[in-house]
Structures are given as C-alpha cells and as structure tokens.
Amino acid sequence: MHQPPLKATKILIIKLRYIGDTLTLYPVIHTLYKEAPGIRVDVMIHKGTEEVLAHHPGIGRLWLYDRKKVKNSLISSIRYHIKLLKQLRSEKYDLVIDYSHGDRAAFLSLMTGAPERVTYTRSSRLSRLFMNRMIQADPFRYHIVDYQLLALRLLGIERFERTMGIVIPAHVEKRVEVLIKGSGLSPEGLKAAAIHPGARGRLRQWRPERFAEIARRLRESYGVKIFLIGGPDEEGIVREVERHMGFSPAFSSTRLTLLEMAALFKRCRLFVGNDSAPAHIASAVDCPSVTLFGPTFPHMWRPYSPVGEVIFKNPPCCGCRQVECVRPDNPCMDLIQVDEVWRKIKGLLELF
C-alpha cells in the first residue's frame, strides 16, 4: 500500500565514513537544497572529512564526530557522547537518515529522539532494531549515489540532482594559483596531469614503477606537465614514483588540503590514480580521470563522473577484507597492465 510522503522541517543526515564516502552525500544535499528548500538539513560526518561539504549552502550545521576523543579512553568516550547526545536531542529533529548502516550511527540516530529514523535493509542488526523506516534496495544494483538518493522518495522527492560537485571558495582558488605560479607554471592554458599513487590500503595501490611509466609516456607523447599528489602519510610512495620517473615532476605535494586538491585537479586535463578519495575529488570537479580498482567493486564505488574511466579485472577474491592478500603471488592490482591504462588515457586526452 502506498504511504503518503513523510513531513519534515528539520533533518539530520549521518554518514560516518571516509572522505570519498562523505563526498557522495553531495547529490543528496543538493537535491534537498533544490527540491525541498523549506527543510533544514544538518549533516554529521567524521571530523577530518568536512572540507568537501563545508561550503555547500544547503547545509545548516555540520556535526563533526571526533573519533580521536572516542578512542582515547573509555572515560573520554563516555563524556564525549553524553555531551553530544544532549546537543543532538536539543535540536528536535523530525527525521534522521543514516547512510553509515552501522551500530554507532544507529545508536546516535535513536538518541536524537527523532520520530522518523531511516536506514536500509542492508544494515547492521542493531540498525534494523533502532531504525523505523527501511529502504528495501539491493546495493549491487546501484551506484552509491543513486542508492542514497532512494531515501529521498520517502519525502515525496522524485527528481534528483545527480551531479557531483565541491564548492571551492575564491581564496582557495587563489592560493592554488599562487602554488602553480611558484612552480614556474602559468595557471592559464595549463597542460597538466595529476597522478595519485596512494590509497587508504596498500592492497589498493598499483605499483609505483607503473605510475612512473605512465608519467613518462604522458610527458613524451603529449608534453603534459606531471603533478604528483599524495596525502600526509604518502610521502614515501610519492618519492618512489618520482625516483622511477627519472625526472622531477612540475609540481609535487603531500600537504594539500582537500579543497586545494580540488582546485588543483580542476585545472588539470587528466587524473590517474587508485580507488581513493582524490579520484572522487577529481571527478567532482569534472577532471577526466582513470581510476584503478582491485579489491573493491567499482559498480557502486567508482567516481561518479561522465568523463571518468575505470579499470577493474574482477578477480575471484574481490570484496576481501583488504588485510592480507589471499593471492600474494598474483595480487589483483598487478593484473592491471600499463598498456591498458595507457589506452584509456589516450582515449580521454583525444576526446577532450
């Protein structure tokens, strides 16, 4: 039996995940901003991921869940949660949508006191107990963006804003222009490719020497300037790629903020990297990209972009826990060959 749309004036969206996961909330927030302007939308995410959403005008308040305080000690965790739960209850939310699908987010959802609490049937057991509205959908049939948008149908919303994006403030754009000029390059007419060889887990990483070979081909065949980018913990792998390249990149950094990274990728003709947050950031600013997948399935997690290519070999062990490789003599990322990555790159460069 068809149920009438839920009525809500104040919503809390929860997604306690990583940077790329946080970025996938953009279409949900943008859809609510465009299609339901009378609803106040607050968002709870992990502290450290907030940059990719911080400047969206459709967000009333960003709640930053502090994992360090939670993990510091039992006493610290109890004190932190008591204060947080008091603040959440005082907001008197009508509706909570949990996109984390885990026990912690389900508990926080329940403790808000919101009368309507939405999650998906493919959630934790505790989540199914604490939440009272279930979205029945098979995640293997959807990209994560489309999967999350399904929840908005409970509000009577059927027209979705499916495009990704990041709102980059003007002062960040200016700062990146200064960085580019400081490397002896002109931001105007820049012909550059960004390479990100890192990833959250080592089993997601393509070999540094293969990234180096791609860099050499880009420079020799297209005259492209190479930007080597990494996170704060990826200095080693960035240096290793540079060593194999045999020449210095035009720009290299492991200290960019997420918004600076977005502004830099926005100026590039190409992004090449592993399945990780920078790939999603590149796609969100419409940078043509080639993303390499190994132990995770791309159908749900590939960068959400019409100008992006994915290479995935679909090994039989895909979906592993990514702790130890069950096929160490022939790991999934090694199945991806330089020549097939190069073919994808050439197709993109010739298209754009």
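Please refer to the structure placed before this passage.
Structural notes, computed from the coordinates. Note that the coordinates shown come from a computational prediction; the quantities given were computed from them, not determined experimentally.

Re the sheet that holds strand E6 (residues 133-135)
Alright, step 1. On the basis of which strands lie adjacent, the open sheet formed by 6 strands has the order E3-E2-E1-E4-E5-E6 and parallel pairing. Two strands lie at the open edges of the sheet, namely strand E3 (62-65) and E6, each paired on one side alone. Adjacent strand axes in the sheet meet at a mean angle of 20° when their direction is disregarded.
Alright, step 2. Across 4 bridges, the pairing between strand E1 (residues 10-15) and strand E4 (residues 95-98) is parallel. Across the sheet, the residue bridging to isoleucine 13 is isoleucine 97, located in E4.
Alright, step 3. Taken strand by strand, helix H4 (residues 74-90) contacts E1, strand E2 (40-46) and E3, and its axis lies near 165° from that of E3.
Alright, step 4. Contacting E1, E2, E3, E4 and strand E5 (116-120), helix H5 (residues 103-111) crosses the sheet at an angle of about 180° to E4.

Side note on the nonpolar core
Alright, step 1. Membership of the largest hydrophobic core comes to 65 residues, with the highest contact counts inside it found for Leu152, Leu155 and Phe227.
Alright, step 2. If you tally residues by element for this core, the top one is helix H11 (residues 258-266), at 7 residues.
Alright, step 3. Counting residues in hydrophobic clusters, the runner-up holds 31 residues, among them Ala193, Phe211, Leu228 and Leu348.

Focus: the sheet that holds strand E12 (residues 308-312)
Alright, step 1. Strand order in the open sheet made by the 6 strands is E9-E8-E7-E10-E11-E12, with parallel pairing throughout. Looking at which strands have only one partner, the edges of the open sheet turn out to be strand E9 (251-253) and E12. Pairwise comparison of adjacent strand axes, ignoring direction, gives a mean angle of 15° for this sheet.
Alright, step 2. Relative to strand E11 (residues 289-293), strand E10 (residues 270-274) is paired through 4 bridges, and the arrangement is parallel. Each bridged residue has a counterpart across the sheet, and for phenylalanine 271 the counterpart in E11 is serine 289.

Rules used throughout
- Residues numbered from 1 in each chain as written.
- Predicted model: local features only at pLDDT ≥ 70, side-chain atom pairs only at ≥ 80, totals over all residues.
- Heavy atoms only, no water.
- Pairing = 2+ DSSP bridges.
- Helix = DSSP H or I, 4+ residues; strand = E, 2+ residues; numbered from the N terminus.
- Axes fitted to C-alpha atoms, helices over the stretch in contact; angles between N-to-C directions.
- Contact = heavy atoms within 4.5 Å.
- Core = buried A, V, L, I, M, F, W, Y, C linked by side-chain atoms within 4.5 Å.
- Buried < 20%, exposed > 50% of the residue type's maximum accessible area, 1.4 Å probe, protein only.

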